[in-house]
Amino acid sequence: MSSADASEVPTPAARPLDARALEGVLRRLHRAQEAPWLHGEVARRMAERLPIVRLQPQVVLDWAAQVGGGGAALRAAYPKARVIAVEPWPAARQAKAPPRAWWLPGRTAAAPLAPADVADGAGQLLWSNMGLHGAMVPQRLMQQWQRATAVDGFLMFSTLGPGSLQSLRDLYRAAGWPVPHAPFVDMHDLGDMLVGAGFADPVMDQETITLTWGTADAALVELRSLGGNVALQRFAGLRTPRWRDQLMRALEARAQEKDGRMALQFEIVYGHAFRPPPRPRLTAHTAVPLDDMRAMVRAGTRRT
């Protein structure tokens with residue numbers, strides 16, 4: 001790419017997240033023994049969508065597998081495929097590979113890979129469950145996905161959307177407190193980012209999952225298992241026991257307005273896109289790398 005061409009490529013926008021706080025949250029999530037319950041439930045629902053794609057991948061890349069909790073669903077959906085865990089966080093790569101059934105073919109254990117160690121076009125399916133909302137620069141992560149996905153391979157991912165935790169935001173606003181969490185990205189913006197990252201035919205949709213708890217304390221424990229507040233606008237210091245008591249009373253008061261149970265809504269955004277064959281930019285003299293030319297010839301008619 002020439003310097004003139006590079007100047008035409010926009011720099012991906014960073015979300016307003018506290019990088020140091022985000023690092024701490026990710027470290028804590030990876031210390032957990034298993035993925036959060038909500039992540040497992042979303043993985044199950046996302047796996048129900050796999051039959052609409054007729055392509056049978058030989059290699060599946062499970063991006064951020066430990067926190068995503070979708071490994072079992074992927075192995076059930078594609079028993080003959082090689083499922084490779086890709087872990088951006090170094091601590092997760094030190095864990096053992098997930099258990100595999102010894103009597104099934106293609107089940108040799110493999111250690112998780114770092115993103116940089118994934119070969120270009122390695123997977124016919126790249127799967128990422130509930131990891132994108134933890135990315136400081138979503139489009140940069142999508143560019144990694146695009147590089148790792150084979151031509152005519154497909155991407156499936158899920159993430160939290162801006163409709164999540166609206167009642168919690170309302171409670172904080174009414175109390176005059178700073179925001180309780182960082183903003184999430186709208187699914188239409190995510191679709192635009194996918195195209196900007198080199199994917200094609202993005203399909204986005206969403207659903208709302210409502211979780212309920214018997215006590216406010218149980219709700220807070222669940223929220224902590226899902227992450228933490230990494231917003232730049234969050235309260236700058238440490239919260240006191242007195243503030244926590246205020247929060248608990250406010251949550252319990254809202255629960256009493258309903259049926260006595262704590263309830264919070266989570267907007268789950270699902271995305272699906274293909275990696276198209278490379279399309280060289282045409283000029284008076286166009287040079288096409290041999291590998292790209294071969295990929296364009298092999299692509300043919302896309303299988304969906």
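Residues numbered from 1 in each chain as written. Predicted model: local features only at pLDDT ≥ 70, side-chain atom pairs only at ≥ 80, totals over all residues. Heavy atoms only, no water.

1. Brief notes about the pairing of strand β2 (residues 82–86)
Where we set the bar: Accessible area is worked out with a 1.4 Å probe on protein chains only. A residue is then buried under 20% of its type maximum, exposed over 50%, and partly exposed in between. Here a helix means four or more residues in a row that DSSP labels H or I, a strand means two or more in a row labelled E, and each is numbered from the N terminus. Should DSSP find at least two bridges between two strands, the strands are taken to pair.
Judged by how many residues are buried, β2 sits mostly within the fold: 4 of 5 residues are covered. Pairing geometry for strand β1 (residues 59–63) and β2, over 5 bridges, is parallel. The partner of Val-60 across the bridge, within β2, is Val-83.

2. Describing the pattern of salt bridges
Stated precisely, the cut-off is as follows: Think of a salt bridge as a Lys or Arg side-chain nitrogen and an Asp or Glu carboxyl oxygen that are within 4 Å of each other.
Across all of its chains, the model carries 10 salt bridges by this definition. When the shortest N-O distance is used, the salt bridge between Glu-23 and Arg-27 registers 3.2 Å. Of this pair, Glu-23 and Arg-27 both sit in helix α2 (residues 19–31), separated by 4 residues, roughly a single helical turn. Of the charged contacts in the structure, one is a salt bridge between Asp-217 and Arg-244, with a shortest N-O distance of 2.8 Å. Note that Asp-217 is positioned in helix α10 (residues 216–226) and Arg-244 in helix α11 (residues 241–257), a separation of 27 residues in sequence. With a relative accessible area of 35%, Asp-217 lands in the partly exposed category. Salt bridges sharing partners connect three or more residues here, namely Glu-41, Arg-44, Arg-45, Glu-48 and Glu-207.

3. Describing the confidence of the model for the chain
Defined as follows: The pLDDT value expresses, per residue, how confident the predictor is, ranging between 0 and 100. The contact criterion used throughout is that any non-hydrogen atoms of two residues lie within 4.5 Å.
On average, residues of the chain carry a pLDDT of 87, and 83% of them reach 70 or more. Taken as a whole, residues 1–7 scores under 50 in pLDDT and shows 3 contacts with residues more than four places along the chain or in a different chain. Scored below 50 in pLDDT, residues 97–108 shows 16 contacts in the model against residues more than four places distant or in partner chains.

4. Examining the packing of aromatic side chains
Heads up, the rule is: Two rings from Phe, Tyr or Trp (for Trp, the six-membered ring) form a pair when their centres are within 6.5 Å of each other. A pair whose planes differ by under 30 degrees is stacked, one over 60 is edge-to-face, and the rest are tilted.
The full count for this structure, using the stated rule, is 5 aromatic pairs. Summarising the aromatic geometry, the rings of Trp-145 and Phe-157 are spaced 5.6 Å apart at their centres and angled 40 degrees between planes, so their arrangement reads as tilted. Taken together, the positions of Trp-145 in helix α7 (residues 138–148) and Phe-157 in strand β4 (residues 149–160) put the pair 12 residues apart, joining distant regions of the chain. Here the two residues Trp-145 and Phe-157 agree in accessibility, since each one is buried. Pairing Phe-154 with Phe-274 gives two aromatic rings, centres 6.3 Å apart and planes at 50 degrees, and the pair type is tilted. Within this pair, whereas Phe-154 is found in strand β4, its partner Phe-274 is found in strand β6 (residues 262–274), the two being separated by 120 residues in sequence. Phe-154 sits in the buried class, given a relative accessible area of 0%. On the basis of relative accessibility, which here comes to 6%, the residue Phe-274 falls in the buried class.

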